[in-house]
Amino acid sequence: MIQTTRIFQSVAIAVVLACSASAQVLPRMKIKLDEAAADLGPVYLNVNTYTIPFAKAVTVLFGGKGSVSLSGDTATVNYEGKPLITMPVGTEGPVDVQIYDMDGNVAQSYSIDEPPRLQKVGGQDRLMIDVDTVSDLLGVANDVEDDTISFFTPAFFCEKLHLSAKKFPDRTAKNLTMVPEIGVTPPANTLLITARGRTNGYVQLYKFEKGEPVPLLGKDQAGKTVVDPNLEAGDLPRTERCAPNALAVAETMHTGQLPKYAFYAAIFTKKPYDGSDPIDGIREGELRDGDWGVAGVRQRITNSPIIFAPYIVKSGNTIESIADEKKLSPGIIRGINGLRTNEQPPVGRKLMLIAEFDQKALARQMNPDYQVTGLHEVQPGDTVESLIAKWKVTKQAFTQANPDVSPGSELEPGELVAAISPINKPQPPNSTVPVEEIINGRGLTKKSVVLHKTSDASSPTVATIDAGTAIVIAGRLPTLKQYRIVFRDQPGYVAEDDIRLPKPLVTATIAFVRGKPYTGNSSKWAAEATKYIGTPYDWGHADLRHGIDCSHFVEAIYKKLGEPVPSPPVHNMEKFGALVGFKAGACEVGGVSKNFATSLPFARLQPGDRIIMQNRADGPHKSDHHTGLYLGEITLPNGRHLVHAMIDACGSTGVTIHDLDTKYQSIYKYALHGSDGRWSFIAPTGEWAEKLNRVGATSVARPAKVGLK
């Protein structure tokens, strides 16, 4: 079967971590505008979203006639010098947005979840905005595919509807008060296209066949509403009522060869069109600027093991009862069908539901067309594209084998990635630095040694380690006679001869086959949590198979294992548990701003401890905080060994294992053990007790329970 990789591009809900220096710049992320290359970057990846410069986006999307001004904590979007939109900056969403008409009067007010925020870009503060918020504000569709973000303006859909942009110019600005929200369900035998208005009005929905717009709402000659009207057989188009609380739904079917992309559009008007098409009213001048709006969506079709089927709402049905009957998440049902929180569909409404999984398609996914042949140590000059070309594999295969490599980012020298080759084809020679053994062990330096970023002795120095220092050994490069070690949470390479082994190393057998069990971690946390790798991220939802966010994922794993856990969101979860690790610097602890003068390292953590990450520590901003489960040492199916692994539901990749030695290092704040009580503090001993006494860290969390389970 098939489905889109994004269900509701124009109304997607995402959680954005606050813009800050911790965001990851994506130098290779490309942006397209109306299918042509556009300069809207730089693109930054926060934990759960992509952000771009707000002012540049407005200027480009308004054809050079738009700008953004900032006064205090209020941002104003201007068009030809006149205000079009005003909104707060840098505060927690949802926030109210005011939309002005072309005469400067406030025409509408509605809310957005993620307002623009200031972020350090190139050493300067710039106003950055989430790409989904751009879509919500300006009625511009977007779609993220691999390392490309595509925007589609109202002018693009005007052209597809044969409404010339030259005859009807400046549609993005003139569209604002009348723009409809449009969505499309995942393709199945039946396809539902939905629209909702920002104000009361009427809508016609369109599909495109051989480049021609085809109305999807209509009536027969007797005036009865028909599904997917056949105009050649005498059916007539007819708009349907559409409002903030009234969802218009059209229905069609896929026939013939499926394209890679499908487009759908909506025209919203103030008055109904019964028996005629709003397109004609626009062409004939019956509808003028301010009387109509247009929006569209691109549906990207990919192979999927999920099979969708229609469901007719019966008397007494609610979304919750349907979800219980079908064993699905209510949030997923609402998301697929364009319904808002607490909204209930009327009797007779058709919904699309997940019916079952195609076992053959699942088997194909578990047996990809590539094989992992080893680990590759990234060298200076290596890029994703160069490795793909060298190994003669697809970008999709590389991404599947290396889910923690963010699309659009650059590889870092010294980073380890899974080396792959097409199945049943030989691996290109000299394509990997051999890492034939994955090691679990400890060692001591024989003398003062230099820790290098990569196995190349000329690579940058990470640290100088004193003689007799304890280090963690994570891998051996036998042909180069080097160890990959971790020192103070920093990975690097040293010569074997410079390390003394107090105990024999434990060598893990590497099985380079996707789907093999994870090794090197026997905890119940790893055994349970890794079952759900690949589950997509879905903010506010708690379905371990179909969509879940970070705090609900942590809660779900705890409950699966019968462990007590505080309820989401992250801010609530931060109020419970014993503080067992932290990073020097400012953070928010249980709703109170704190500042740790020193650090308590990862070495104290245990599998199942909750990792807390924060971009900001100046108040309860729900989208600034992220959480995951600490796993400790683990060997991934691709052979990569992590000393400090975390598993989390991340917006860009879904449920994924991340390396705390590299990923999220800048926003990691502290770790919590246990949850069956309010704040407590497990008192350390020895060196750490002395350090903490000096800085008064015990005041961070008074020991309500010492030694809390």
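Structural data are supplied above this passage.
The numbering scheme is per chain: residues are counted from 1 as the chain's sequence reads. Note on the predicted model: pLDDT of at least 70 is required for a residue's local features to be given, and 80 or more for side-chain atom pairs to be given and counted; whole-chain, interface and lining totals, by contrast, use all residues. As a convention, hydrogens and water are excluded, and side-chain values are obtained from all of the structure's heavy atoms.

### Re the overall build of the chain
- Runs of E in the DSSP output that reach at least two residues are strands. Runs of H or I that reach at least four are helices, and both are numbered from the N terminus. When helices and strands are tallied, the chain shows 14 helices and 49 strands.
- Categorising residues by exposure relies on relative accessible area from a 1.4 Å probe, with only protein chains included: less than 20% of the type maximum marks a residue as buried, more than 50% marks it as exposed, and the intermediate range marks it as partly exposed. Counting over 709 residues, the chain shows a buried share of 56%.
- Counting every atom, the chain has about 29,400 Å² of accessible surface; 51% of that belongs to carbon and sulfur. The Shrake-Rupley method, run with a 1.4 Å probe sphere, supplies the accessible areas, and residue values consider only the shown protein chains as cover.

### Some words on the side chain of Asp 382
- Residue placement: Asp 382 occurs in the loop between β29 (370-377) and α9 (384-391).
- Here Asp and Glu are counted as negative and Lys and Arg as positive; His is not counted, and neither are the chain ends. What counts as a salt bridge is simple: a side-chain nitrogen of Lys or Arg found within 4 Å of a carboxyl oxygen of Asp or Glu. No salt bridge is formed by the buried Asp 382, whose closest oppositely charged neighbour, Lys 390, lies at an N-O distance of 4.6 Å.
- Each polar contact in these results corresponds to two N or O atoms within 3.5 Å; when the atoms are within protein, one needs to be able to donate a hydrogen and the other to accept it, and residues that are neighboring in sequence are counted only if both atoms are side-chain atoms. For Asp 382, the side chain forms a polar contact with the main-chain nitrogen of Gln 379, separated by 2.9 Å.
- Excluding residues that lie within four positions of it along the chain, Asp 382 makes contacts with His 376, Glu 377, Leu 387 and Leu 411. Working rule for contacts: check all heavy atoms of both residues, and any pair within 4.5 Å makes them a contact.

### Points about the environment of Asp 113
- Take Asp 113: it is sitting in the loop between β11 (106-112) and β12 (117-121).
- According to the relative accessible area criterion, Asp 113 is partly exposed, its value standing at 31%.

### Topic: helix α6 (residues 319-326)
- Looking only at α6, the buried set comprises Ile 319, Ile 322 and Ala 323. Taken down its axis, α6 places every buried residue within 100° of arc, on the same side.
- Looking at the packing, one finds that the buried side of α6 touches β27 (306-312), α7 (330-337) and β28 (350-357).
- Count one or two residues on from α6 and you reach Lys 327, which has phi positive near 60°. To be clear, the arc concerns the directions from the helix axis to the C-beta atoms.

### Some points on the pattern of salt bridges
- A complete count under the given rule lists 30 salt bridges for this structure.
- A salt bridge links Arg 298 to Glu 145; its shortest N-O distance comes to 3.8 Å. Of this pair, Arg 298 sits in strand β26 (residues 292-303) while Glu 145 sits in strand β14 (residues 141-145); the two residues are 153 residues apart in sequence, bridging distant segments of the chain. The pair formed by Arg 298 and Glu 145 is uniform in burial state, with each residue classed as buried.
- Each of the salt bridges in this network shares a partner with another, and the network as a whole consists of Asp 143, Glu 145, Lys 260, Arg 298 and Arg 300.

### As for unusual backbone geometry
- For the bond running from Gly 41 to Pro 42, omega is 5°, close enough to zero to count as cis.
- For Pro 42, the position within the fold is in the loop between β4 (36-37) and β5 (44-45).
- In this model, Glu 80 sits at a positive phi of 50°, which is unusual for a non-glycine residue.
- Take Glu 80: it is sitting in the loop between β8 (74-79) and β9 (82-88).

### Some remarks on the nonpolar core
- By nonpolar core we mean a set of buried residues, namely Ala, Val, Leu, Ile, Met, Phe, Trp, Tyr and Cys, connected to one another through side-chain atoms within 4.5 Å. Tyr 50, Ile 52, Ile 85, Leu 137, Leu 138, Ile 149 and Phe 151 are the most contacted members of the largest nonpolar core, which totals 38 residues.
- Among all residues touching Leu 137, those that are not within four sequence positions of it are Phe 54, Ile 85, Met 87, Val 97, Tyr 110, Ile 112, Ile 129, Leu 176 and Arg 198.
- Ranked by size, the runner-up nonpolar core spans 24 residues in total, among them Ile 548, Ala 556, Leu 642 and Ala 645.

### Notes on the packing of aromatic side chains
- Here a pair means two rings of Phe, Tyr or Trp (six-membered ring of Trp) with centres within 6.5 Å. Their orientation is stacked below 30 degrees between planes, edge-to-face above 60, and tilted elsewhere. In total, this model carries 12 aromatic pairs according to the counting rule given.
- Seen in terms of ring centroids, Phe 602 and Tyr 668 are 5.0 Å apart; in terms of plane orientation they differ by 65°. Their pairing is edge-to-face. One end of the pair, Phe 602, is in the loop between β43 (592-596) and β44 (610-614); the other, Tyr 668, is in strand β48 (residues 668-678), and 66 residues separate them in sequence.
- Residue Phe 602 is classed as buried on the basis of its relative accessible area of 2%.
- Joined through ring pairs, the aromatic side chains of Phe 152, Phe 156, Phe 157 and Phe 263 make up one cluster.
- Sitting over a ring, as applied to charges here, requires NZ of Lys or CZ of Arg to be within 6 Å of the ring centre and within 35 degrees of the ring normal. The ring of Phe 208 has Lys 160 sitting right over it, with the charged end atom 5.1 Å from the ring centre.

### Points about the pairing of strand β35 (residues 482-487)
- Within β35, 6 of the 6 residues are buried, leaving the element largely enclosed by the surrounding structure.
- The side-chain alternation of β35 yields two buried faces, one formed by Gln 482, Arg 484 and Val 486 and the other by Tyr 483, Ile 485 and Phe 487.
- Between any two strands, at least two bridges found by DSSP are needed for them to pair. Sheet topology note: the strand β34 (residues 470-477)/β35 ladder contains 5 bridges and is antiparallel. Residue pairing across strands places Leu 477 opposite Gln 482, the latter belonging to β35.
- Between β34 and β35, which pair antiparallel one after the other, the connecting turn spans 4 residues, and Lys 481 there sits at a positive phi close to 55°.
- One ladder, built from 6 bridges, connects β35 with strand β36 (residues 490-495); its direction is antiparallel. By the bridge assignment, Gln 482 is partnered in β36 with Ala 495.

### Some points on the sheet that holds strand β24 (residues 248-252)
- Taken in spatial order, the 3 strands line up as β16-β17-β24 in an open sheet, and their pairing is antiparallel. Of all strands in the sheet, those bounded by a partner on one side alone are β16 (180-184) and β24. Neighbouring strand axes in the sheet, compared pairwise and without regard to direction, differ in orientation by 20° on average.
- Relative to strand β17 (residues 191-197), β16 runs antiparallel, the two being bridged by 5 bridges. Residue pairing across strands places Val 184 opposite Ile 193, the latter belonging to β17. Interaxial angles span 0 to 180 degrees and are taken between N-to-C directions of axes, which are lines fitted to C-alpha atoms, for helices over the stretch in contact.

### What to know about the sheet that holds strand β3 (residues 30-33)
- Taken in spatial order, the 4 strands of this open sheet run β4-β3-β15-β14, and their pairing is mixed. Two strands close off the open sheet at either side, each with one partner strand: β4 and β14.
- In the sheet, β3 pairs with strand β15 (residues 148-152) via 4 bridges, with the strands oriented parallel. Bridge assignment links Ile 31 to a residue of β15, and that residue is Ile 149.

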